[in-house]
Amino acid sequence: MSHTVGIRRAQKLKTRQALLDAALRLLEHQSLSSLGLRELTRAVGVAPTAFYRHFADVAELGVALVEETLGSLHGLIGAILAETGDAEVRIARTVDLIARHVQEQPAHFRFIARERHGGVGPVRAAIAAQLDAFTEEVAAALGREPVSAGWSEEDLRMLAGVYVEHMVMTASAFLAAQEAGGSGTPEGPGEEQVARTARDRLRLVSLGRLHWAERATGR
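Remember, predicted model here, so these are calculated numbers, not experimental data.

A.B. asks: What exactly am I supposed to notice about the overall build of the protein chain here?
C.D. replies: Looking only at helices and strands, the protein chain has 9 helices and 0 strands in total. Helices and strands in the protein chain line up, N terminus first, as α-α-α-α-α-α-α-α-α. Across its three principal directions, the C-alpha atoms of the protein chain cover 65 × 50 × 30 Å. Here the protein chain holds 219 residues, and 38% of them are scored as buried. By sequence separation, contacts in the protein chain at least 24 residues apart represent 66% of the contacts at least 6 residues apart. Total accessible area computed for the protein chain in this model is approximately 12,200 Å², and 56% of it derives from carbon and sulfur atoms. For the protein chain, the distance from the average site of its 25 positive side-chain charges to the average site of its 27 negative ones is 7 Å.

A.B. asks: Sorry if this is basic, but what is going on with a nonpolar patch on the surface here?
C.D. replies: Nonpolar side chains collect at one region of the surface, where V147, L207 and L210 lie side by side and expose about 260 Å² of accessible area between them. Following the sequence through the fold, L210 ends up in helix 9 (residues 191-217).

A.B. asks: Help me out: how do you make sense of the nonpolar core in this one?
C.D. replies: As a rule of thumb, soluble globular proteins bury nonpolar side chains together. Counting residues in hydrophobic clusters, the biggest one holds 61 residues, and the most contacted among them are L40, L61 and F111. At 11 residues, helix 8 (residues 153-179) tops the list of elements feeding residues into this core. In this view, L40 contacts L19, A22, A23, L26, L35, F51 and L61; residues no more than four positions away in its chain are not counted.

Definitions and limits used
- Residues numbered from 1 in each chain as written.
- Predicted model: local features only at pLDDT ≥ 70, side-chain atom pairs only at ≥ 80, totals over all residues.
- Heavy atoms only, no water.
- Helix = DSSP H or I, 4+ residues; strand = E, 2+ residues; numbered from the N terminus.
- Buried < 20%, exposed > 50% of the residue type's maximum accessible area, 1.4 Å probe, protein only.
- Contact = heavy atoms within 4.5 Å.
- Areas by Shrake-Rupley, 256 points an atom, 1.4 Å probe, with all protein chains shown as cover.
- Lys, Arg positive; Asp, Glu negative; His and termini not counted.
- Charge placed at Lys NZ, Arg CZ, Asp CG, Glu CD.
- Patch = residues over 30% accessible without salt bridge, like charges linked within 9 Å, V, L, I, M, F, W, Y side chains within 5 Å.
- Salt bridge = Lys/Arg side-chain N within 4 Å of Asp/Glu carboxyl O.
- Core = buried A, V, L, I, M, F, W, Y, C linked by side-chain atoms within 4.5 Å.

Spelled out as structure tokens, the structure:
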């Protein structure tokens, strides 16, 4: 009996993942708000009613895609933030991490870039919640560093927000560069230039951070 239950559970998970994967392919050419249920289930080869065994509606499927895209990054970013030592190494690893994930999951990141300000409220909220969670994690990690001695929680969150927005902006720039073939064009920079600019911006933020505490105490 338990073996049969296990097989059914595995099949259910397989169908759920097939719906997510098919949705991601279809969303390469349209927004989530325009995705049709029949179109999606036809792509998977299941009846439309089967969709509701996995998701309450398309918005819930979109939220699952957000979690699939951004959820896995928490541990990786946390590991980089936990590193001590050379700041240049950490900057380089951060930019390389973003580049690698965009390269491996371009459709996922295109989905995030499009739907962050899209028409499906629960998905916008899910993306915002994930970015807020990143901000809190980064702020906590920054607060443990000696250079942050004397910083207020508000200033730490502000700095963390700068880092997170930089991550999002860099991912979007890598996407654009990849879509252009990876090398620079008159319309935009190539991947190497995107990486170089991202590293330089992180260096600039790091330099400003060193002097912020002095400025803050003089306000």
